[in-house]
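Single-letter residue listing:
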Amino acid sequence: MDYGEYSYNEILRKKKITDLASYFYLTDEQFDELFQFLLTYPLAAIVCGRATISLLNGTENIKSFNVQPKNSTFDAIRVTNTLFSVTPHYTPSSRGGGSSWSGGGGSSNNNNNNNNNNNNNNNR
C-alpha cells in the first residue's frame, strides 16, 4: 500500500480501519466508507457490536449496517480519530461439583465464629 499521498493523521485513521477489518469481513467499499467517515466528521465514532457497525457523529446515528464477524473474541469495538478500543468477549467458566465460589474461611466466617464464641462466653 502506498502511503505517499496521505498525511500522518490519515495514515493513523487508515491503520485503525485496517485493525477493524481484522474483526469483520469488510468489502473494499465498506473499508473506504469507514475511512472517509473518520475523515469527514469531527465527532466521528464507529461503534461495533458483534454483527453491526454504526457510524455516529456525536450522538447522531449517520448509518448502521450488518457485517459478518471473523471471530467471536469481542463484544464491542469503538473507533474514533483518537481511540481504538475492543471489549473482549467474556465467557464465564463452569466449575465442576458444588458451589460456584470458594470461600476459604474469609473474614465473614471469622466474624461469625467470633460472635458465636462471644455469645457462648457471655452465657456462662
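Everything below is about the structure shown above.
Enquirer: Could you give an account of the side chain of Gln-30, with specific residues and numbers?
Expert: Mapping Gln-30 onto the fold places it in helix H2 (residues 28–40). For Gln-30, a relative accessible area of 17% translates into the label buried. A polar contact is formed between the side chain of Gln-30 and the backbone nitrogen of Thr-27, at a distance of 2.9 Å. Among all residues touching Gln-30, those that are not within four sequence positions of it are Tyr-25, Phe-65, Asn-66 and Val-67.

Enquirer: An account of the pattern of salt bridges is needed here, citing residue identities and associated values.
Expert: Counted under the stated rule, the structure contains 3 salt bridges. One salt bridge connects Glu-33 with Lys-63, and the closest N-O pair in it is separated by 2.8 Å. Here Glu-33 is found in helix H2, whereas its partner Lys-63 is found in strand E4 (residues 60–66), with 30 residues between them in sequence. We classify Glu-33 as partly exposed; its relative accessible area is 28%. Of the charged contacts in the structure, one is a salt bridge between Arg-50 and Asp-75, with a shortest N-O distance of 3.7 Å. Placement of the pair is Arg-50 in the loop between strand E2 (44–48) and strand E3 (52–57) and Asp-75 in strand E6 (residues 74–80), with a sequence separation of 25 residues. Looking at Asp-75, the relative accessible area reads 31%, which means it is partly exposed.

Definitions and limits used
- Residues numbered from 1 in each chain as written.
- Predicted model: local features only at pLDDT ≥ 70, side-chain atom pairs only at ≥ 80, totals over all residues.
- Heavy atoms only, no water.
- Helix = DSSP H or I, 4+ residues; strand = E, 2+ residues; numbered from the N terminus.
- Buried < 20%, exposed > 50% of the residue type's maximum accessible area, 1.4 Å probe, protein only.
- Polar contact = N/O pair within 3.5 Å; in protein donor to acceptor, adjacent residues only side chain to side chain.
- Contact = heavy atoms within 4.5 Å.
- Salt bridge = Lys/Arg side-chain N within 4 Å of Asp/Glu carboxyl O.

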